[in-house]
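One-letter residues, chain by chain:
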2 protein chains.
Amino acid sequence: MIRIGICGYGNLGKGVEAACLQAQDMELVGIFTRRNPKDVKVKSNTPVYGMDNIESFQDKIDVMVLCGGSATDLPTQTPELTKYFNVVDSFDTHANIYTHYQNVDATAKKSGKVAIISTGWDPGLFSLNRILMEAILPNGTDYTFWGKGVSQGHSDAIRRIPGVVDARQYTIPKEEALELVRSGKNPNLSVRDKHLRDCYVVLDKAANSAQVEEAIKTMPNYFAEYDTYVHFISQEELDKHHKGIPHGGFVIRTGSTTNGVKHKLEFSLKLDSNPEFTGSVMVAYARACYRISKEKNWGCKTVFDIAPKYLSIEEYSSLLKHTL
Amino acid sequence: MIRIGICGYGNLGKGVEAACLQAQDMELVGIFTRRNPKDVKVKSNTPVYGMDNIESFQDKIDVMVLCGGSATDLPTQTPELTKYFNVVDSFDTHANIYTHYQNVDATAKKSGKVAIISTGWDPGLFSLNRILMEAILPNGTDYTFWGKGVSQGHSDAIRRIPGVVDARQYTIPKEEALELVRSGKNPNLSVRDKHLRDCYVVLDKAANSAQVEEAIKTMPNYFAEYDTYVHFISQEELDKHHKGIPHGGFVIRTGSTTNGVKHKLEFSLKLDSNPEFTGSVMVAYARACYRISKEKNWGCKTVFDIAPKYLSIEEYSSLLKHTL
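Before going into details, it helps to say that this report is about the structure given with it. Here, residues in each chain are numbered from 1, in the same order as that chain's written sequence. Throughout, the order in which chains and ligands are written sets their labels, letters from A for the former and numbers from 1 for the latter. Thresholds applied to this predicted model are a pLDDT of at least 70 for local features of residues and 80 or more for the giving and counting of side-chain atom pairs; totals over whole chains, interfaces and linings are not thresholded and use all residues. Excluded from the side-chain calculation are hydrogens and water; included are all heavy atoms of the structure.

**Some points on the relation of the copies chain B and chain A**
Here's step 1: Least-squares fitting of one copy onto the other uses the C-alpha atoms of those residues that reach a pLDDT of at least 70 in both copies. With an RMSD of 0.0 Å, the fit of chain B onto chain A corresponds to turning through 180° and sliding 0.0 Å along the axis. Within this description, the copies of the chain are treated as partners about a two-fold rotation axis.
Here's step 2: Contact criterion: two residues are considered in contact whenever any of their non-hydrogen atoms come within 4.5 Å of each other. Of all interface residues in chain B, 100% are interface residues in chain A too; the two copies therefore contact each other through one and the same surface.

Written out as structure tokens, the structure is:
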């Protein structure tokens, strides 16, 4: 059994917990939190510990799955915990991945650990498909679309507008843009062409709906560059229909091998729960992390370094007989 | 530059040639044929050689791409040529892959070579998606659909019926089966439920169309188990509309992470030319083969062993900055 620890118990930590319970080769040893462990109720009967004493578990845990956020937690947490553990994270600030990689790699090589960073689906499975598709069809173009899915950051931005009680924002790929890409016409698409933003907003009684709608639609960086739709609904409706955290998206590449001979490759996800699915991807990469640590191949890795066989619970011979 | 040889110059060999011409890190050293080299006209200005003297090229070629057939060529050719070359093949008889793997692995380890077998798209990219999706969503089911595409074997079977001059058979996934799978209902689908067979047939003047149609539709293993449609057309129509070799397909997995929380993963291909696309996949794996040979990691590999970074022409740091 691969002994797993979970560091951070928000939505993502709960997703990792659920995925571990489905993995027949894994054992959940502990969940680590910055809160008072007594205040944290977990779904499995895994013991909960404080973060302050986490190093003392270094011989009891094979892989620590880091479920903190990319903005402030992971940039320091991943290198720090790589001193003691093999780790997997889902660091997703694309612009800073290379710096994060270098920081974690230095520690991992020094401490004799394996760290797999930026797992999940984007970065993660989508990145894997982008590199694969480009390698196979170099004379082509790829497009990534996100959604339909909830954007936490955009929902928060709406909630900060005076008069707004609650809000949920969905990013939705435009069907006509998807079809144009699939047609192989290799279109130039602006931000506005690719996605629209659909907002469900609960107002307080004194709020002016026209003003709030205007404030949303003109908000720079968040909404002004998009076709934005605003729906005012009651708190009951929002709670009933918009409490899920669905997401998904598409990676599509079209291109040609010889003159006029075209091909289309497409990978897509439709997820009822973004954190549960992301957690499942992290757990598959935790399996790879464990196996690579057994080979003493120390250092920081990404999805680009991981041979697919390391992700599977099956024996290699069985994979050749039944899956290849 | 990676020095490439092509062994076999049918449709697949031509596809590999086209893909090499698009690969900026590759140089085509020679095309090897069982025919008289003088009779073989190639599209590039690559020299053509006979097969009898192929071993003499062992220091001039980094990877030999094998473009023979799985029925009679590759079972002997791949192990034989692995004595002298790093090789890539597209062996696609699913039931015999493990035996082929063992044969090739023994030779590759003895001769200090790297062989990557069963590349292409199924086996190949589809296998990669099946293993990836299953590792991430263990509580689920995957389905593979093929087409719309030309089946050479089924087209040949029709051409052997008396009275038939020419024929082309398309395998087509049934839209209602695809939708049922995508819905996550986890259906049990028979052979007949998943695909239909669409046949375009040219008759000679004396033939009885009703008899030919009956002979096709009742042919065991090929057509009897399917909903089969037969269209009689002229040779001109067949030449005009049915001379391409398109193919494609879908790998779809649905499953759940916790009770009622469902996810769908889907990978699909739509290819104007099956051999050109398969050749492009083989060339990407030839790049991986070369790099793994530089690491002296001898033996037989499959797509399950190949970390994605080995397929890409880009530097690793650039991949982290731009693709991850």
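So much for the structure itself; the text now carries on.
**Structural notes on the nonpolar core**
Here's step 1: Take the buried Ala, Val, Leu, Ile, Met, Phe, Trp, Tyr and Cys residues and link them wherever side-chain atoms come within 4.5 Å; each set so joined is a nonpolar core. Note on exposure labels: buried denotes an accessible area under 20% of the residue type's maximum, exposed denotes more than 50%, and partly exposed covers the range between, all computed with a 1.4 Å probe on protein chains only. Among the nonpolar cores identified, the biggest contains 154 residues, and Tyr285 of chain A together with Tyr285 of chain B are the most heavily contacted of them.
Here's step 2: The helix count covers DSSP runs of H or I at least four residues long, the strand count covers runs of E at least two residues long, and both are numbered beginning at the N terminus. With eleven residues, helix 10 (residues 274-294) of chain A is the largest single contributor of residues to this core.
Here's step 3: Sequence-distant contacts of tyrosine 285 of chain B, defined by excluding residues within four places in its chain, comprise Leu132 of chain A together with Val88, Ile116, Thr119, Leu128, Val303, Ile306 and Leu311 of chain B.

**Section: the interface of chain B and chain A**
Bring the parts together and some accessible area is lost; that lost area is often taken as the interface size.
Here's step 1: If you look at the interface, chain B gives 65 residues, while chain A gives 65 residues.
Here's step 2: Taking both sides of the interface into account, the surface hidden between chain B and chain A amounts to around 5,700 Å²; carbon and sulfur atoms contribute 64%.
Here's step 3: Take a side-chain nitrogen of Lys or Arg and a carboxyl oxygen of Asp or Glu: if they are within 4 Å of each other, that pair is a salt bridge. Between chain B and chain A we count two salt bridges in total.
Here's step 4: A salt bridge links aspartate 305 of chain B to lysine 309 of chain A; the nearest nitrogen and oxygen atoms lie 2.7 Å apart.
Here's step 5: Under the rule applied, a polar contact is a pair of N or O atoms within 3.5 Å (in protein, one hydrogen donor and one hydrogen acceptor; residues adjacent in sequence only if both atoms are side-chain atoms). For the interface between chain B and chain A, the tally reads 30 residue pairs in polar contact (both at pLDDT 80 or more).
Here's step 6: If you list the elements that add at least two residues to the side of chain B that touches chain A, you get helix 1 (11-22), helix 3 (97-111), helix 4 (125-136), strand 12 (247-258), strand 13 (261-271), helix 10 (274-294) and helix 11 (316-322) of chain B.
Here's step 7: Residues were grouped as follows: Ala, Val, Leu, Ile, Met, Phe, Trp, Tyr, Cys and Pro as nonpolar; Asp, Glu, Lys and Arg as charged; and all remaining residues, including Gly, as polar. Of the residues that constitute the side of chain B that touches chain A, the class distribution is 32 nonpolar, 18 polar and 15 charged.
Here's step 8: Strand pairing is assigned whenever DSSP identifies at least 2 bridges connecting the two strands. Inspection of the sheet shows strand 13 (residues 261-271) of chain A paired to strand 13 of chain B by nine bridges, in the antiparallel sense. Pairing of glutamate 266 of chain A across the sheet is with serine 268 of chain B, part of strand 13 of chain B. Note on terms: buried area is the combined drop in 1.4 Å-probe accessible area of two parts once they are placed together, counting the loss on both.

**Comments concerning the sheet that holds strand 3 (residues 48-50) of chain B**
All names here are of chain B.
Here's step 1: As summarised here, the arrangement of the seven strands in space is 3-2-1-4-5-6-14, forming an open sheet in which the pairing is parallel. Strands with a single pairing partner mark the edges of an open sheet, and in this sheet they are strand 3 and strand 14 (299-301). Taken pair by pair, the neighbouring strands of this sheet meet at an average axis angle of 25°, ignoring direction.
Here's step 2: In terms of strand pairing, strand 2 (residues 26-33) meets strand 3 through three bridges, oriented parallel. Paired with isoleucine 31 across the two strands is valine 48, which belongs to strand 3.
Here's step 3: In this description, a line fitted to the C-alpha atoms serves as the axis of each element, helices being fitted only across the stretch in contact, and the angle between N-to-C directions of two axes falls anywhere from 0 to 180 degrees. Of the strands in this sheet, strand 1 (2-7), strand 4 (63-66) and strand 5 (86-88) are in contact with helix 2 (residues 74-81), which crosses strand 4 at around 175°.
Here's step 4: Along the sheet face, helix 3 touches strand 6 (114-116) and strand 14 and points at about 140° away from the line of strand 14.

**Side note on empty space enclosed by the protein**
In this approach, a probe sized like a water molecule rolls over the atoms, and the result shows the empty space that is left.
Here's step 1: Cavity means a closed set of points on a 1 Å grid over the protein atoms alone, one where a 1.4 Å probe fits but cannot get out, pocket means an open set with protein on both sides within 12 Å along at least 5 of 7 lines, and lining means a residue has an atom within 4 Å of a point. Grid points are joined across faces, edges and corners, and a volume is the space filled by probe spheres set on the points. Summed over all chains, the structure comprises two cavities of 30 Å³ or more.
Here's step 2: Size it by volume and the largest cavity reaches roughly 60 Å³.
Here's step 3: What lines the largest cavity is simply Leu128, Leu132 and Pro308 of chain A together with Leu128, Leu132, Tyr285, Val303, Ile306, Pro308 and Leu311 of chain B.
Here's step 4: Looking at the lining of the largest cavity, the elements with two or more residues in it are helix 4 (125-136) of chain A together with helix 4 of chain B.
Here's step 5: Grouping the constituent residues of the lining of the largest cavity by class yields ten nonpolar, no polar and no charged.
Here's step 6: Size it by volume and the second largest cavity reaches roughly 40 Å³.
Here's step 7: Along the walls of the second largest cavity sit Leu128, Asn129 and Leu132 of chain A together with Leu128, Asn129 and Leu132 of chain B, which together make up its complete lining.
Here's step 8: Elements that contribute at least two residues to the lining of the second largest cavity include exactly helix 4 of chain A together with helix 4 of chain B.
Here's step 9: Its residues assigned to classes, the lining of the second largest cavity comprises four nonpolar, two polar and no charged.

**Digging into the environment of cysteine 289 of chain B**
All names here are of chain B.
Here's step 1: Within the secondary structure, cysteine 289 is located in helix 10.
Here's step 2: Judged by its relative accessible area of 0%, cysteine 289 is buried.
Here's step 3: Distance from cysteine 289 to phenylalanine 91, taken between C-alpha atoms, is 16 Å for residues 198 residues apart in sequence.
Here's step 4: Among residues more than four places away in sequence, those in contact with cysteine 289 are Val63, Asn86, Val87, Val88, Val114 and Ile116.

**What about the environment of leucine 265 of chain A?**
Here's step 1: Inspection of the secondary structure puts leucine 265 of chain A in strand 13.
Here's step 2: The residues touching leucine 265 of chain A, leaving out its near neighbours within four places in the chain, are Met133, Leu137, Val251, Ile252 and Arg253 of chain A together with Leu125, Phe267, Ser268, Leu269 and Phe277 of chain B.

**Details of the packing of helix 1 of chain B against helix 10 of chain B**
All names here are of chain B.
Here's step 1: The N-to-C vectors of helix 1 and helix 10 enclose an angle of 55°; their axes lie 7 Å apart at closest approach. The angle between helix 1 and helix 10 places the two elements in the oblique class. In the packing of helix 1 onto helix 10, the handedness of the crossing is right-handed. Touching Asn11, Leu12, Gly15, Val16, Ala19 and Cys20 of helix 1 are Pro275, Glu276, Thr278, Gly279, Ser280, Met282 and Val283, all from helix 10.
Here's step 2: Class assignment of the residues belonging to the contact of helix 1 with helix 10 gives a composition of seven nonpolar, five polar and one charged. Any angle that is under 35 degrees is reported as roughly parallel, and any over 145 degrees as roughly antiparallel; angles of 65 to 115 degrees are reported as roughly perpendicular and all others as oblique. We call a crossing left-handed when the near helix sits turned anticlockwise from the far one by less than a right angle, and right-handed when that turn is clockwise.

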